[in-house]
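Here is how the chains run, residue by residue.
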Amino acid sequence: MREIARKTLPLLEHEASFEFARNHYYGSKFQADSVAYRDFRYFAKKRPPAESPSLVVGLRVDESASMTAFGRLEAAKRAVIAVYEFCQLCHIPVLIYGDTADVSRLEQMSVYAYTDFDRTDANDRFRLTGIRARSNNRDGMALRIIAERLAVTPQKTKLLISISDGQPKAMEDYAGAYAVQDMQQTIAEYERKGITFLAAAIGQDKDVINQIYGNERFLDITNLTELPAKLVRIIARYL
């Protein structure tokens with residue numbers, strides 16, 4: 001874990017300046033390289049020396065059974081550990097939740113809190129190794145739970161990243177158009193509350209995930225070995 005953190009620090013130094021806070025809608029310094037993102041955050045402004053990044057990160061990990069295929073689960077673990085260590089180094093509040101559905105008839109939705117910004121613990125990094133493939137996935141409810149936690153935080157930027165390998169499928173009828181509508185309604189509702197959603201698609205249902213989240217929120221992770229560094233770079237852009 002320390003080795004992953006060491007490798008991600010140069011990314012932070014490259015993406016974020018100690019003098020200027022990047023990715024603002026207005027400021028004193030124009031960033032030509034940001035124009036390619038088309039999110040209108042083209043400027044940087046000077047950050048006071050004592051100012052911490054006004055960013056909170058929520059990471060949602062799909063713990064459905066299909067995550068066991070093709071090294072997806074191990075890639076997800078490496079990614080969440082890298083994100084956790086990065087956020088610790090940068091003093092960014094972070095929560096990391098995993099979820100599954102239909103473990104039993106009584107337990108239709110299960111959420112596993114591995115780290116939480118309200119209850120920090122030095123052992124959190126070790127809990128992340130407990131992420132595993134379980135049963136089905138009810139994505140809409142999982143996103144809603146994390147988004148609700150982020151919505152009440154004081155940070156200006158609230159970033160929610162979902163790592164998933166497949167389209168939602170749970171219970172008897174939570175699939176197809178019904179599940180897609182539930183997820184899109186959740187995203188729309190919490191975007192109005194200031195949540196920024198991103199989806200890292202690491203499995204066979206990338207087209208469906210793209211359709212659900214939209215191009216502007218979609219990350220196609222074809223090479224799983226690139227997942228940790230890509231997520232860290234993305235988070236660094238919001239500092």
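Going by the structure above, here's the rest.
Predicted, not measured: the structure shown is a model, and the values here were computed from it.

**Regarding the overall build of the protein chain**
Move 1: Each helix and strand counted, the protein chain has 7 helices and 9 strands in total.
Move 2: When the 239 residues of the protein chain are sorted by exposure, 51% land in the buried category.
Move 3: In the protein chain, the share of contacts with a sequence separation of at least 24, taken over all contacts with a separation of at least 6, comes to 67%.
Move 4: Of the accessible surface of the protein chain, which amounts to about 12,100 Å², a share of 52% is contributed by carbon and sulfur atoms.

**Things to note about the packing of helix α5 (residues 176-191) against helix α6 (residues 206-213)**
Move 1: In contact at an axis separation of 9 Å, α5 and α6 are set at 45° when each is read in the N-to-C sense. In terms of axis orientation, α5 runs oblique to α6. Every residue of α6 that contacts α5 at V180, M183, Q184 and I187 is listed here: Q211, I212 and Y213.
Move 2: Classifying every residue of the contact of α5 with α6 gives 5 nonpolar, 2 polar and no charged.

**Some words on the environment of R105**
Move 1: Looking at the element boundaries, R105 is found in the loop between β5 (94-101) and β6 (109-115).
Move 2: A residue is classified by how much of its surface remains accessible, and R105, at 78% relative accessible area, is exposed.

**Here we look at helix α2 (residues 72-90)**
Move 1: The end-to-end C-alpha separation of α2 is 27 Å, in line with the 27 Å expected for 19 residues at 1.5 Å each.
Move 2: Buried residues dominate α2, accounting for 15 of its 19 residues.

**A look at the side chain of D102**
Move 1: If you trace the backbone, D102 turns up in the loop between β5 and β6.
Move 2: Only 2.8 Å separates the side chain of D102 from the side chain of N136, close enough to count as a polar contact.
Move 3: When residues no more than four places from it in sequence are discounted, the contact partners of D102 are E107, Q108, S135, N136, A170 and M171.

**Observations concerning the environment of Q185**
Move 1: Looking at the element boundaries, Q185 is found in helix α5.
Move 2: With 41 residues separating them along the chain, Q185 and R144 place their C-alpha atoms 10.0 Å apart.

**As for the pattern of salt bridges**
Move 1: Across all of its chains, the model carries 15 salt bridges by this definition.
Move 2: K77 is the partner of E74 in a salt bridge, and the nearest nitrogen-oxygen pair spans 3.8 Å. Of this pair, E74 and K77 both sit in helix α2, 3 residues apart, roughly one helical turn.
Move 3: The class of E74 is partly exposed, set by a relative accessible area of 42%.
Move 4: A salt bridge links E189 to R144; the shortest N-O distance between them is 3.0 Å. Here R144 lies in helix α4 (residues 139-151) and E189 lies in helix α5, a separation of 45 residues in the sequence.
Move 5: Of the residues examined, E189 reaches a relative accessible area of 24% and is grouped as partly exposed.
Move 6: Taking relative accessible area as the criterion, R144 reaches 27% and is therefore assigned partly exposed.

What counts, and at which threshold
Residues numbered from 1 in each chain as written. Predicted model: local features only at pLDDT ≥ 70, side-chain atom pairs only at ≥ 80, totals over all residues. Heavy atoms only, no water. Helix = DSSP H or I, 4+ residues; strand = E, 2+ residues; numbered from the N terminus. Buried < 20%, exposed > 50% of the residue type's maximum accessible area, 1.4 Å probe, protein only. Contact = heavy atoms within 4.5 Å. Areas by Shrake-Rupley, 256 points an atom, 1.4 Å probe, with all protein chains shown as cover. Axes fitted to C-alpha atoms, helices over the stretch in contact; angles between N-to-C directions. Parallel < 35°, antiparallel > 145°, perpendicular 65-115°, else oblique. Nonpolar A, V, L, I, M, F, W, Y, C, P; charged D, E, K, R; others polar. Expected span 1.5 Å × (residues − 1). Polar contact = N/O pair within 3.5 Å; in protein donor to acceptor, adjacent residues only side chain to side chain. Salt bridge = Lys/Arg side-chain N within 4 Å of Asp/Glu carboxyl O.

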